Amino acid sequence: MIPKLTDCAQGSRWFRDRGLWQEHSYEPQPGNVIFFDWGDPCGFSEPQNGVPGHMGIVERVEIGRGYTVEGNSGDKCCQRSCAVRHYEIYGYRLLLP
């Protein structure tokens, strides 16, 4: 269950308020929604400010690397990857039991 969201901050609060949240240290699972607080020094994204600004869906995790599907990533929908403990990961929406 994912509500209609107007922004990532609202989404992360909604999941947290319902006990469906894990912080960035969590080992992600396929199907988790991943939230990012980007802070790319080259200006690709806004500076890190403790507020999530982008999200995607975890497709798989292999050898410490998470693979995601993300919309609005370079003006397209694409697969991306990053280290499971990457500093720009804000947190995860948990899977329901």
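Note that the coordinates shown come from a computational prediction; the quantities given were computed from them, not determined experimentally. (Residues numbered from 1 in each chain as written. Predicted model: local features only at pLDDT ≥ 70, side-chain atom pairs only at ≥ 80, totals over all residues. Heavy atoms only, no water.)

A. Spotlight on the packing of aromatic side chains. The final tally for this structure, using the stated rule, is five aromatic pairs. Measuring from ring centre to ring centre gives 5.3 Å for tryptophan 14 and phenylalanine 15, while their planes differ by 85°; the resulting arrangement is edge-to-face. We classify tryptophan 14 as buried; its relative accessible area is 19%. The rings of Trp14, Phe15, Trp21, Phe35 and Tyr90 are connected pair by pair, giving a single aromatic cluster. Lying across the ring of tyrosine 67, arginine 60 places its NZ or CZ 4.0 Å from the centre. (Phe/Tyr/Trp six-rings, centres within 6.5 Å; stacked < 30°, edge-to-face > 60°. Buried < 20%, exposed > 50% of the residue type's maximum accessible area, 1.4 Å probe, protein only. Lys NZ or Arg CZ within 6 Å of the ring centre and 35° of its normal.)

B. Here's a closer look at the nonpolar core. Membership of the largest hydrophobic core is limited to nine residues, which are Tyr26, Ile34, Phe36, Trp38, Val58, Cys82, Ile89, Tyr92 and Leu94. Within the residue set of this core, elements represented by two or more residues are strand E2 (33–36) and strand E6 (89–93). Leaving out residues up to four positions away in the same chain, tyrosine 92 has contacts with Leu20, Trp21, Gln22, Glu23, His24, Tyr26, Pro28, Asn32, Val33, Ile34, Val58 and Val84. Membership of the second largest hydrophobic core comes to eight residues, among which are Trp14, Phe15, Trp21 and Tyr90. (Core = buried A, V, L, I, M, F, W, Y, C linked by side-chain atoms within 4.5 Å. Helix = DSSP H or I, 4+ residues; strand = E, 2+ residues; numbered from the N terminus. Contact = heavy atoms within 4.5 Å.)

From the geometry alone we can't say anything about function, so treat these as descriptive.
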